[in-house]
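# Coordinate analysis (summary)
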Amino acid sequence: MTDTPNVLWIMADQLRFDYLSCYGHPHLKTPHIDALAARGVRFTNTYVQSPVCGPSRMSAYTGRYVRSHGSTWNGMPLRIGEPTLGDHLREAGARAVLVGKTHMTADAEGMAWLGIDPTSEIGVRASECGFEAFDRDDGLHPDSPRQQWSAYDDYLVAHGYESNNPWGDFANSGLDEDGELLSAWLLKNSRLAANVPEEHSETAYMTDRAMEFMEQATADGRPWMCHLSYIKPHWPYIVPAPYHDMYDESHIVPPVRSEDEKDTDHPLVKAYQQARVCQSFSRDHVREHVIPAYMGLIKQLDDNLGRLFAWMDEKGLSENTIIAFTSDHGDYMGDHWMGDKDFYHEIAVKVPLIIADPRPQADSTRGGVSDALVEMIDLAPTFMNALGCKPKPHVIEGRDLTPLLHGEPGFARTYAISEHDYHWSDMARTLEQKQEDAHTKMIFDGRWKYIRCEGFRPVLFDLETDPSEVHDLGASQTPEHIAVRERMEAALLDWATRHHTRITATPAVLERQKKAAETGILIGFWDEAEYHAATGIRFEDLEPVGR
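This is a predicted model, so every value here is computed, not measured.

## Focus: the overall build of the protein chain
Scanning the protein chain from N- to C-terminus turns up 20 helices and 15 strands. The C-alpha atoms of the protein chain give a radius of gyration of 25 Å, which matches the 24 Å a tight globule of 547 residues would have. Taking all 547 residues of the protein chain together, 56% fall into the buried category. Of the contacts formed within the protein chain by residues at least 6 apart in sequence, a portion of 71% connects residues at least 24 apart.

## A few points about helix α13 (residues 284–315)
In this model, α13 (32 residues) spans 46 Å end to end at C-alpha, consistent with the 46 Å of a helix rising 1.5 Å per residue. The principal kink in α13, of about 25°, is found at Val290, preceding the proline Pro292 by one to four residues.

## Some points on the packing of aromatic side chains
Evaluation of the coordinates by the stated rule reveals 21 aromatic pairs. Ring centres of Tyr19 and Tyr294 lie 5.3 Å apart, and the angle between their planes is 70°; on these two criteria the pair is classed as edge-to-face. Separated by 275 residues along the polypeptide, Tyr19 in the loop between β1 (6–12) and α1 (31–38) and Tyr294 in helix α13 bring together distant segments of the chain. A single burial state applies to Tyr19 and to Tyr294, both of which are buried. Centroid distance Tyr65 to Trp495: 5.3 Å. Interplanar angle 85°. Geometry classified as edge-to-face. Of this pair, Tyr65 sits in the loop between α2 (53–62) and α3 (66–69) while Trp495 sits in helix α18 (residues 479–496); the two residues are 430 residues apart in sequence, bridging distant segments of the chain. The two residues Tyr65 and Trp495 agree in class, both being buried.

## Some thoughts on α1
Turning to α1, its buried residues are Ile33, Leu36 and Ala37. Down the axis, α1 shows its buried residues gathered within 100° of arc, on one side only.

## Some words on the sheet that holds strand β15 (residues 459–462)
Backbone-to-backbone hydrogen bonds join strands into a sheet, with any given pair of strands oriented parallel or antiparallel. One open sheet holds the four strands; their spatial order is β12-β13-β14-β15, and the pairing between them is antiparallel. In the strand order of this sheet, the two ends are held by β12 (416–421) and β15, each with one partner. Averaged over all adjacent pairs, the angle separating strand axes in this sheet is 10°, with direction ignored.

## Focus: unusual backbone geometry
With omega at 0°, the peptide bond leading from Trp235 into Pro236 counts as cis. Looking along the chain, the bond that leaves Ala241 and enters Pro242 is cis, with omega of 5°. Tracing the backbone through its elements, the reader meets Pro242 in the loop between β7 (224–230) and α10 (259–262). Unusually for a residue other than glycine, Cys129 sits at a positive phi of about 60°. When you line up the elements, Cys129 lands in the loop between α6 (121–127) and β4 (132–136).

## What about the pairing of strand β8 (residues 321–327)?
Burial analysis of β8 places seven of its seven residues in the buried class, the great majority of the element. Alignment of β1 against β8, held across seven bridges, turns out to be parallel. Bridged to Asn6 within β8 is Thr321.

## Observations concerning the nonpolar core
In terms of nonpolar packing, the biggest core is built from 129 residues, with Trp9, Met225, Leu308 and Phe325 touching the most fellow members. The biggest single contributor to this core is α13, with 13 residues.

## Section: the packing of α1 against α13
Taken N-terminus to C-terminus, the directions of α1 and α13 make an angle of 55°; their axes are 7 Å apart at the nearest point. When the interaxial angle is binned, α1 and α13 end up oblique. Touching Pro31, His32, Ile33 and Leu36 of α1 are Lys299, Asp302, Asp303, Leu305, Gly306 and Phe309, all from α13.

## A short note on the side chain of Ser59
With respect to the secondary-structure elements, Ser59 resides in helix α2. Its relative accessible area of 0% is what places Ser59 among the buried residues. Discounting residues that sit within four places of it in the chain, Ser59 has contacts with Gln49, Arg64, Tyr65, Val66, His69 and Ile377.

## Concerning the packing of helix α9 (residues 202–220) against α13
Two numbers describe how α9 lies on α13: the axes approach to 9 Å, and their chain directions differ by 15°. Judged by the inter-axis angle, α9 sits roughly parallel to α13. Considering how the two elements wind past one another, α9 and α13 form a crossing that is right-handed. Along the contact surface, α9 presents Thr203, Ala204, Thr207, Asp208, Met211, Met214 and Glu215, while α13 presents Gln300, Leu301, Asn304, Arg307, Leu308, Trp311, Met312 and Lys315. The residue makeup of the contact of α9 with α13, split by class, is seven nonpolar, four polar and four charged.

## Remarks on the side chain of Asp342
Following the sequence through the fold, Asp342 ends up in the loop between β8 and α14 (346–349). Of the buried charged residues, Asp342 lacks a salt bridge, with Lys341 as the closest side chain of opposite charge at 5.6 Å. Not counting chain neighbours up to four residues away, the residues in contact with Asp342 comprise Pro51, Val52, Tyr272, His420 and Trp424.

## Quick word on the pattern of salt bridges
Here the idea is simple: oppositely charged side chains can pair when their charged atoms come close. The final tally for this structure, using the stated rule, is 41 salt bridges. One salt bridge in this structure joins Glu212 and Arg209, with 2.6 Å as the shortest N-O distance. One end of the pair is Glu212 and the other is Arg209, both in helix α9 and three residues apart, which spans about a single turn. Given the relative accessible area of 16%, Arg209 is considered buried. Residue Asp265 is joined to Arg457 by a salt bridge in which the shortest nitrogen-to-oxygen separation is 3.0 Å. Of this pair, Asp265 sits in the loop between α10 and α11 (267–274) while Arg457 sits in the loop between β14 (448–453) and β15; the two residues are 192 residues apart in sequence, bridging distant segments of the chain. By relative accessible area, which is 23% here, Arg457 ends up partly exposed. Each of the salt bridges in this network shares a partner with another, and the network as a whole consists of Asp13, Arg57, Lys101 and Asp328.

Cut-off values and rules
- Residues numbered from 1 in each chain as written.
- Predicted model: local features only at pLDDT ≥ 70, side-chain atom pairs only at ≥ 80, totals over all residues.
- Heavy atoms only, no water.
- Helix = DSSP H or I, 4+ residues; strand = E, 2+ residues; numbered from the N terminus.
- Rg over C-alpha atoms; globule rule 2.2 N^0.38 Å.
- Buried < 20%, exposed > 50% of the residue type's maximum accessible area, 1.4 Å probe, protein only.
- Contact = heavy atoms within 4.5 Å.
- Expected span 1.5 Å × (residues − 1).
- Bend = angle between axes of the 7 residues up to and from the residue.
- Phe/Tyr/Trp six-rings, centres within 6.5 Å; stacked < 30°, edge-to-face > 60°.
- Arc of directions from axis to C-beta.
- Pairing = 2+ DSSP bridges.
- Axes fitted to C-alpha atoms, helices over the stretch in contact; angles between N-to-C directions.
- Core = buried A, V, L, I, M, F, W, Y, C linked by side-chain atoms within 4.5 Å.
- Parallel < 35°, antiparallel > 145°, perpendicular 65-115°, else oblique.
- Left-handed = near helix turned anticlockwise from the far one by under 90°.
- Nonpolar A, V, L, I, M, F, W, Y, C, P; charged D, E, K, R; others polar.
- Lys, Arg positive; Asp, Glu negative; His and termini not counted.
- Salt bridge = Lys/Arg side-chain N within 4 Å of Asp/Glu carboxyl O.

This is the structure we're talking about:
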């Protein structure tokens, strides 16, 4: 144990919080993640700042809300100059290293406008969301060209899995009984075994790469944060043997949905339900094909984490590494007649969060559970604190979780916020919503979840009386519900009007402004005597500061 621990930040993509045994899944056993919770703190109320990969991750990587950093959807570049966790850690002499996915798009136009060479050190850091990319892997679409950022394709080819698209043809496809290649982009093929042995799958590969980084980092000697960002269990839903047939229909939890939800009068919610992915996952045979594969991907992830944690124990890394495990959002899987993510029910916007801090100060909370209201942006200041960064309240909007990890007072939050820009979607086209109006915001106080839908009435859930969120109270005329909606709308306005763009307001700048206001700005003084009485400085002793 040293004074400055390292940080291993594990993120699974599209992992529901309730698909882990330590969060209550009745059939899917995840002993290695459970063991991590037993030596750390398991948080039960952690919310992402957007229920979509890109903006959720950009909030996590900046410690700032979506309205602040401006990357509102996948493919929306994080603007050049936006400070990131990696930038802050480097100032403190620590490395911020990526192994896996960021879903970040570089601001090429911004760099060109400022004359920044994308191949320069500054350009490369900005293009990688502030990380030092040890091995980046954002996955592909069916018609994508060969990956340019990850070595995984080359790895597959080196092991004999050669094609124009090894990621798609091997890791994300299967073979039928006649040996025909079938893509997992089609949900009907989800129950096939992936066309690659488990040890060469993406999850195993990224686990190996994280070990390689940590082995090298030990020799380097500098403190580090490694962001091990798995691309699974995100779609395409397919998993290698033996995980592909570990689960079947008998292990599927019934969907959480009601006929009242299906008969909603809310135009936006109805448009969601009519979108292709939601129509698909509302069909039972789709759920029966996909969910066993989804469960297999999570079981594979847990087994690989067990392998990683055992290796860290053997190498002596566990005793000096804070391990955080989380997800960027959940997955509807047919609940509420919906699929994928993009809205604000618990299974989409609430994520697992487990933090195991090996330092003695955390002994009192080891194995504990916290129901504190936590946001994903809280991880950035928590890691900054651990790695010796000074607080930056003018930049970071998250709150340091260290008091909760060490059993100390000092952490409190009244609301959690999440945002979504749906201008690109089936919903916007169906409703003919303009880009500037196609957005929603959620505010949650631990009981009441209020969703502001621009151009439409709000959605409101009472999680105390309706934990399954099947009764929308957004149109209720009950006095209590009217009062709650007014209070939550006011709270959302209060949040929206707070300072959030003063990222240049460093302590030095603020001190200089204060000094100027106290002693250097002469507007309003009548004469020398009045100036001396107010400031304690004789006017004739003033010296020019500079022009």
